[in-house]
Amino acid sequence: MTSNETAFFQAKSVIPGGVDSPVRAFGGVGGTPRFIASASGATVTDIEGRTYVDLVGSWGPALLGHSHPQVVAAVQEAASRGLSFGAPTETETFLARAVRERVPFAQRVRFVSTGTEATMTAIRLARGATGRDLIVKFAGNYHGHSDGLLAAAGSGVATGGLPGSAGVPEAIAAQTVVLPYNDVDALRGCFDEAGGRIAAVIFEGAPANMGAVPPRPGWNREIRRLCTAHGALMILDEVLTGFRVDPAGWWGLEAVASWVDGAPAGEFSAGFVDDSAVGGADWVPDLVTFGKVVGGGMPLAAVGGRADVMDLLAPVGPVYQAGTLSGNPLATAAGLRTLELADRGVYDRVNASAQAISTIVSDALSACGVAHRVQRTGSLFSFMFGEVAAAFGVYDYEQARAQEAWRYGPFFHSFLSSGIALPPSVFEVWFTSAAHGDAEIEAIAAAAPAAARAAAQARPPRLP
Ligand SMILES: *Cc1c(COP(=O)(O)O)cnc(C)c1O
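Only a predicted model underlies this, so the values are computations on that prediction, with no experimental measurement involved. (Residues numbered from 1 in each chain as written. Predicted model: local features only at pLDDT ≥ 70, side-chain atom pairs only at ≥ 80, totals over all residues. Heavy atoms only, no water.)

Chemist: Mind showing me how you'd approach unusual backbone geometry here?
Modeler: A negative phi holds for most residues other than glycine; trans holds for most peptide bonds. A cis amide bond links Ala314 to the next residue, Pro315, at an omega of 10°. Phi is positive for Asn182, which is not a glycine, with a value near 65°. Mapped onto the fold, Asn182 is located in the loop between strand 6 (176-179) and helix 7 (184-194). If you check the backbone angles, Lys292 has positive phi at about 50° while not being a glycine. One can find Lys292 in the loop between strand 11 (287-290) and strand 12 (301-305). (Helix = DSSP H or I, 4+ residues; strand = E, 2+ residues; numbered from the N terminus.)

Chemist: Which parts of the structure should I look at to understand the side chain of Thr176?
Modeler: Among the secondary structure elements, Thr176 is positioned in strand 6. Ignoring anything within four residues of it in the chain, the contact list for Thr176 reads Ile135, Lys137 and Gly148. (Contact = heavy atoms within 4.5 Å.)

Chemist: Quick question: what am I supposed to make of the sheet that holds strand 1 (residues 36-40) here?
Modeler: Strand pairing in a sheet relies on backbone hydrogen bonds, with the paired strands running either antiparallel or parallel. Strand order in the open sheet formed by four strands is 1-2-3-15, and the pairing between neighbours is mixed. With partners counted over all chains shown, the strands left at the sheet margins are strand 1 and strand 15 (420-421), one partner each. Sheet topology places strand 3 (residues 51-54) next to strand 15; two bridges connect them, and they run parallel. Following the sheet pairing, Val53 is matched in strand 15 by Ile420. (Pairing = 2+ DSSP bridges.)

Chemist: Which parts of the structure should I look at to understand the site of the ligand?
Modeler: Taken together, the residues surrounding the ligand are Thr114, Gly115, Thr116, Tyr142, His143, Gly144, Glu204, Asn209, Asp237, Val239, Leu240 and Lys292. The contact in question runs from an oxygen atom of the ligand to an N or O atom on the side chain of Asn209, over 3.1 Å. Between the ligand and Asp237, the relevant distance is 2.7 Å, taken from a nitrogen atom to a side-chain nitrogen or oxygen of the residue. Contact with the protein chains covers 83% of the free accessible surface of the ligand, which is 380 Å². (Near = heavy atom within 4 Å. Polar contact = N/O pair within 3.5 Å; in protein donor to acceptor, adjacent residues only side chain to side chain. Areas by Shrake-Rupley, 256 points an atom, 1.4 Å probe, with all protein chains shown as cover.)

Chemist: Before we go on, may I ask you to explain the packing of helix 7 against helix 8 (residues 219-230) in this structure?
Modeler: For any two helices packed against each other, the geometry comes down to the angle between their axes and how far apart the axes lie. One can describe the packing of helix 7 onto helix 8 by two numbers: an axis separation of 11 Å at closest approach and a directional angle of 5°. One element, helix 7, and the other, helix 8, form an angle in the roughly parallel class. Residues Val184, Leu187, Arg188 and Phe191 of helix 7 lie in contact with helix 8, whose contacting residues are Trp219, Glu222, Ile223, Arg225, Leu226, Cys227 and His230. Within the contact of helix 7 with helix 8, the residues separate by chemical class into seven nonpolar, one polar and three charged. (Axes fitted to C-alpha atoms, helices over the stretch in contact; angles between N-to-C directions. Parallel < 35°, antiparallel > 145°, perpendicular 65-115°, else oblique. Nonpolar A, V, L, I, M, F, W, Y, C, P; charged D, E, K, R; others polar.)

Chemist: Got a minute to help me understand the nonpolar core in this structure?
Modeler: A general trend in soluble globular proteins is that nonpolar side chains are found buried together. Counting 63 residues, the largest nonpolar core has Phe138, Leu187, Phe191, Ile223, Phe243 and Phe290 as the members making the most contacts within it. When residues in this core are grouped by element, the largest group, six residues, is from helix 11 (residues 329-341). In this structure Leu187 touches Val136, Phe138, Leu179, Trp219, Ile223 and Leu226, once residues within four positions along its chain are discounted. Counting residues in each nonpolar core, the second largest holds 34 residues, with Ala354, Phe383, Phe415 and Ala455 among its members. (Core = buried A, V, L, I, M, F, W, Y, C linked by side-chain atoms within 4.5 Å. Buried < 20%, exposed > 50% of the residue type's maximum accessible area, 1.4 Å probe, protein only.)

Chemist: It is not clear to me how the packing of aromatic side chains should be interpreted in this structure. Could you clarify?
Modeler: In this description, a pair of aromatic rings is defined by centroid distance and the angle of the planes. Scanning the entire structure with this criterion turns up 18 aromatic pairs. Seen from their ring centres, Tyr408 and Phe411 are 5.8 Å apart, and the 55° between their planes marks the pair as tilted. You can see Tyr408 and its partner Phe411 sitting in helix 15 (residues 408-417), three residues apart, about one turn around the helix. On the basis of relative accessible area, Phe411 is assigned to the buried category, the value being 1%. The positively charged end of Lys12 is found above the aromatic ring belonging to Phe8, 4.1 Å away from the centroid. Taking NZ or CZ as reference, Arg401 lies 4.2 Å from the ring centre of Tyr397, over its face. (Phe/Tyr/Trp six-rings, centres within 6.5 Å; stacked < 30°, edge-to-face > 60°. Lys NZ or Arg CZ within 6 Å of the ring centre and 35° of its normal.)

Chemist: Sorry if this is basic, but what is going on with the pairing of strand 14 (residues 380-385) here?
Modeler: The side chains of a regular strand alternate, residue by residue, between the two faces of the sheet. Where burial is concerned, most of strand 14 is hidden: six out of the six residues are buried. In strand 14, alternate side chains face the same way, and those of Leu380, Ser382 and Met384 on one face and Phe381, Phe383 and Phe385 on the other are all buried. Looking at chain direction, strand 13 (residues 372-377) and strand 14 are connected through six bridges and run antiparallel. Note that in strand 14 the partner of Arg376 across the bridge is Phe381. From the end of strand 13 to the start of strand 14, which pair antiparallel, there are two residues, and Gly378 there has a positive phi angle of about 60°.

Chemist: So what exactly am I meant to see when it comes to the UniProt feature "modified residue: N6-(pyridoxal phosphate)lysine" (unreviewed entry) in the chain here?
Modeler: Residues annotated in UniProt with the feature "modified residue: N6-(pyridoxal phosphate)lysine" (unreviewed entry) correspond here to Lys292. Residue classification places Lys292 among the partly exposed positions, given a relative accessible area of 25%. Aside from chain neighbours lying at most four places away, what touches Lys292 is Trp59, Gly60, Pro61, Val239, Leu240, Gly297 and Leu300. (UniProt positions renumbered as here; feature names shortened; annotations may be inferred.)

Chemist: Looking at this structure, I do not really get helix 8. What am I missing?
Modeler: Helical geometry note: an α-helix holds 3.6 residues per turn, so side chains three or four residues apart project in the same direction. Its 12 residues give helix 8 an end-to-end C-alpha distance of 17 Å, which sits within 8% of 16 Å, the value for a rise of 1.5 Å per residue. All buried positions along helix 8 are accounted for by Trp219, Asn220, Glu222, Ile223, Arg224, Leu226 and Cys227. For helix 8, the elements touching its buried residues are strand 5 (134-138), helix 7, strand 7 (198-204), strand 8 (233-238) and helix 9 (249-254). Downstream of helix 8 by one or two residues, Gly231 has phi in the positive range, about 70°. (Expected span 1.5 Å × (residues − 1).)

Chemist: Would you mind going over the pattern of salt bridges with me for this structure?
Modeler: Working definition: two side chains of opposite charge can pair if their charged atoms are close together. Within the structure shown, the criterion is met by 12 salt bridges. A salt bridge links Arg221 to Asp282; the nearest nitrogen and oxygen atoms lie 3.0 Å apart. One end of the pair, Arg221, is in helix 8; the other, Asp282, is in the loop between strand 10 (268-273) and strand 11, and 61 residues separate them in sequence. Put simply, Arg306 and Asp308 hold a salt bridge, and the shortest N to O gap is 2.7 Å. A relative accessible area of 47% places Asp308 in the partly exposed class. (Salt bridge = Lys/Arg side-chain N within 4 Å of Asp/Glu carboxyl O.)

In structure tokens form, the structure reads like this:
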């Protein structure tokens, strides 16, 4: 049996940092990443044979839990008919229809392999449609790792403490305007100054890549108003929230969401559903991107939106986009079966476990005197540490980075040693699944007091 330590050492000699995506390397919390051998339901098992309650969920796709038997069967059945054809399949049409059923404004859908490709395609489309170059994004919103979208990007860039990325030409970075999140005055000012040059505003409907930082009420509607007034396109990035926080993603949830600001529990949260109505927000984006859940754990993502804009894509229109493995038959089979299975009951279970777990952990932190705030966007939640966050809440990237992030490493490792695997960064949200039930919640409750003590005893790093 290879140990995690040995596996990590060996991986580093052939793979930069030993990982294929930076946050996996545990840089934000220290220590050795667990090399996973298998996953099932609410748990993952590492190569040492240790099983953990998993609150990462492959960073979102595992809505139904890992290795759902019916999803695995759909993939096996598809695999038996061939792995890739480089030709159209009917499953792509069925999956596009399943997407459109939930999100009717996605009149056309094109499948790609990663969320990065989806957002990259969306901004190329917006530039092609408007004949303009500038893209507006918000600090702490993550849209994948393409050149123009890496500035102040949250997620792994936040975990690494990086301002952006080396290797992005200045001329390309200059085409991206980065504004503070939730700041209406800054957004209006930007449109006043440069409205005629802005191709699109790209944004997470409810950001979850700097921890959970919900939009203020009316914020997304204001993006819509300004885009319409200035002829820019509105690109809703639901790669993370799409089909996870609601059958119709954040867009569906915003219609029925309530906001809780400064509630007794000290929360700034959005996305509690008052009733089970399925509707849509009172604004509609021009383009939308999906990933993660839509592929059911396989490499699949999508860009969708208005037919007139989407039909600018080749082969109909002049905006080029392509992919050898796009719409892969195994990936579309996994995505289709996942969406078929993700009924109201699934979302109710995911919400219930998120609610239970966040409350248990918050109570444990409070019992140890650790100032914190729980923030939620639908079923996605995270903890913001420190007196300032506890008192005022976190509304943007600057505030997210100002929290007592150093409390998270000891907190994380205490949970890990008790068999609970949290996201290995304070800037990532926690994911539950329909497979998380009473047993998992009890295991987390048993582990929480020690983890809270570890957070209480943590000390800030000394400055060099
Ligand atoms: C994960 C994510 C992406 C990038 O998707 P990849 O499949 O990792 O390329 C884009 N946008 C958001 C909001 C994401 O959470």
